[in-house]
Amino acid sequence: MRTSQPDEILMVSFDQFTKSVWEINELVNAIDGRIGSTGLVSSVMNFILVDKDKERIEDAIKNSHNLRITIMAILAAKPVLDGNSNNGMLSEVAERLSRPGTFDTIAEGFQKKFQNSSRSWLFEIVEAWFDDGENLSNSVFWLNADAGMGKTVFASELFRKFREQRPEALLGAVFFNFKEISTQGPTTLLKSIAYQIAKSCPSICGDLLEVLKEKNETTVEGIFGSVLLKALELVTSKQPSQKYLIIFDALDECGLEGSETRRDLLQLFQQQSLAKFPPGVKLFVTARPENDIARTLIAFSYKIEKTDSSHLEDLRKYILFSVEDVFKGVATTMSIEQTANLIYEKSEGNFIYTAVVVEQMKKWLEEDLHNHNLTDLLGKLKEGLDGCYEKTFKKLIGSNQVYAHNFLLLMVGCREPLTEATVKDLLQIPYGRLHQFVLLKESAATVFPLVGVGEHAARFKPYHKSIVDWLTNKNRNIRDSTNRRDSTCFDLEEASWFITDKLMKKVGIKDVQTVQALDRLKIKLTLEMNTKEDPTLIYAVRHLPSHLNSCQLGLVTYFLMTNLTWLQLSLEVIRLAGL
């Protein structure tokens, strides 16, 4: 019987992945043999390894990572592909592009927060920009605003409006999330946009398939030049007079400032890249004005200030709508208008402030349904987002001296949202103190709510990126030198140290310098990965090398890093083979 298209691609990708992993292993072993690292590993090896060694290993690791993403995407999509053989060429395009995800569900979630009739002035401005000329200086619109100003909600509503009212003009959208960086790499996102373009205009699929069959591009440059630009050329050639829109929301969340991921993505918005886009293709971007983004997009900036009258009018509507929703079916001594005005006066022009206060109000009403002294409670609220966060986190830390500080270290230092089970595991909470963990979850619910069901699936996700930014903002300069555990200011390196230490204890590395410890770790993890789904272990396999690297430990050598990465990829081979 003939093998199906998804199976063929899966088998080829898996074979390439396995070979790539063993190539890394051979490189590491060859270097080990040359240096003679059979006993203790000296940190001096960082300097013995020549640049060519590092470059070869890093290239092999990067290639393996891209192949792993391809395999996981095909596995995730395979049941759909097998059950829908009539999808034709669009399905084959999706398979060739590693079945990239789209962002419709994410956009729909934010659309629920949009207040009808608000931002009408901004829609007029954006639509006028879109319908205007096609010169290079007008090809990008950067909605430039600080945290909590409603950028993502607006972008999601813009996505909805175009999809319903001008579907022929909407080519795709990307909604970045700073805690999902590992699944939102540049190559993945470029493939997603190319797939969304093909989905919006299925007639280009045949020509695009020819390109994909001819070239299996894996680099950012290759996918941009040979895949994305080709898809755009095919669409625009069918209707040369049409204008087309691609949305990029929260560009500041695509990676840490200065990271390779972020640099690669920002290159798309530089003049030399924009000049390659076909005429009529326009990019709408939302982002905070961080340094590298401002340098790249300053010529396209449309800045919203917290004091703008149109913005403040929309904020009033949003606050009134939110308060009305909270007060439904509840008798209080305070009117809706009084409550809304008090929140508005303290908000300092910030939507997120309102959202956090409204969540707090819901908790107050749940805790005491018969005596709602909201006037006093709201009166005690701090002004502005900074004041709101300060009070929230001081209360959180004060209510749980034992675990709150370490909980927040986990929240700011983790590479992806942690499951409830992993947080309990890393905090090492004994059975007799589980009630304290329950109280901690309840206290943190407004800023780090649990999303999902079951402790192995539910994850602590920050309500907004500004929460983590505030906790790690060194400019606040409020660390309490007398009692560090009472501080609401956290250092990212300290947080990574904390997680690294916990993960190393979890996986059994006591002496990071010994090769024998790594050998024991390989055996331990191989056995455990095949016998149980331990979320902490899975997190360790995925992210321990990254945590070790960010700690910049003098004793953690490049040798250790490459061995751990090889282990991570080897375990993926074992796990994927089982699937």
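Numbering of residues starts from 1 in each chain and follows the order in which that chain's sequence is written. Note on the predicted model: pLDDT of at least 70 is required for a residue's local features to be given, and 80 or more for side-chain atom pairs to be given and counted; whole-chain, interface and lining totals, by contrast, use all residues. Note that water and hydrogens are dropped before the side-chain values are worked out from all heavy atoms of the structure.

**Considering the environment of Ile319**
Put simply, DSSP H or I for four residues or longer makes a helix, DSSP E for two residues or longer makes a strand, and each gets a number counted from the N terminus. Position of Ile319 relative to the elements: it lies in helix H14 (residues 309–327). In this structure the C-alpha to C-alpha distance between Ile319 and Tyr344, which are 25 residues apart in sequence, comes to 7.0 Å. A contact between two residues is defined here by any heavy atoms of the two lying within 4.5 Å. For Ile319, the residues in contact, after removing those within four places along its chain, are Ala340, Ile343, Tyr344 and Thr354.

**What about the pairing of strand S1 (residues 140–144)?**
Most of S1 sits out of view: 5 of its 5 residues are buried. Whether a residue is buried, partly exposed or exposed follows from its accessible area with a 1.4 Å probe, protein chains only, as a fraction of its type maximum: under 20%, in between, or over 50%, in that order. Of the two faces of S1, the one holding Val140, Trp142 and Asn144 and the one holding Phe141 and Leu143 are both buried throughout. Pairing between strands is defined by DSSP: at least two bridges between them are needed. Examined bridge by bridge, S1 and strand S4 (residues 281–287) share 5 bridges and lie parallel to one another. For Val140, the partnering residue across the bridge sits in S4 and is Leu283. Two strands pair when backbone bridges link them, and S1 and strand S5 (residues 301–303) are joined in this way by 3 bridges, in the parallel orientation. The residue of S5 that forms the bridge with Leu143 is Tyr302.

**Focus: the sheet that holds S4**
Read from one edge to the other, the open sheet built from 5 strands follows the order S2-S3-S4-S1-S5, with strand pairing classed as parallel. Taken across any chain shown, the strands that pair with only one partner, and hence form the sheet edges, are strand S2 (170–175) and S5. For this sheet the average axis-to-axis angle between neighbouring strands, irrespective of direction, equals 15°. For helices, the fitted axis covers only the stretch in contact; all axes are lines through C-alpha atoms, and the angles between them, taken along N-to-C directions, range from 0 to 180 degrees.

**Description of the pairing of S2**
Residues in a regular strand project their side chains so that they alternate between the two faces of the sheet. Within S2, 6 of the 6 residues are buried, leaving the element largely enclosed by the surrounding structure. Both S2 and strand S3 (residues 244–249) contribute to a ladder of 5 bridges, which runs parallel. By the bridge assignment for S3, Ala173 is matched with Ile247.

**Topic: the pattern of salt bridges**
What counts as a salt bridge is simple: a side-chain nitrogen of Lys or Arg found within 4 Å of a carboxyl oxygen of Asp or Glu. As enumerated under the stated definition, the model contains 21 salt bridges in all. A salt bridge links Glu390 to Lys394; the shortest N-O distance between them is 3.1 Å. Pair noted here: Glu390 and Lys394 are both in helix H18 (residues 384–399), with a separation of 4 residues, about one helical turn. By relative accessible area, Glu390 is classed as partly exposed at 26%. Put simply, Glu455 and Lys424 hold a salt bridge, and the shortest N to O gap is 2.7 Å. Remark: Lys424 occurs in helix H20 (residues 420–427) and Glu455 occurs in the loop between strand S6 (450–451) and strand S7 (459–460); sequence separation between them is 31 residues. It is possible to trace a salt-bridge network through shared partners that takes in Asp252, Arg262, Arg288, Glu290, Asp292, Lys465 and Asp469.

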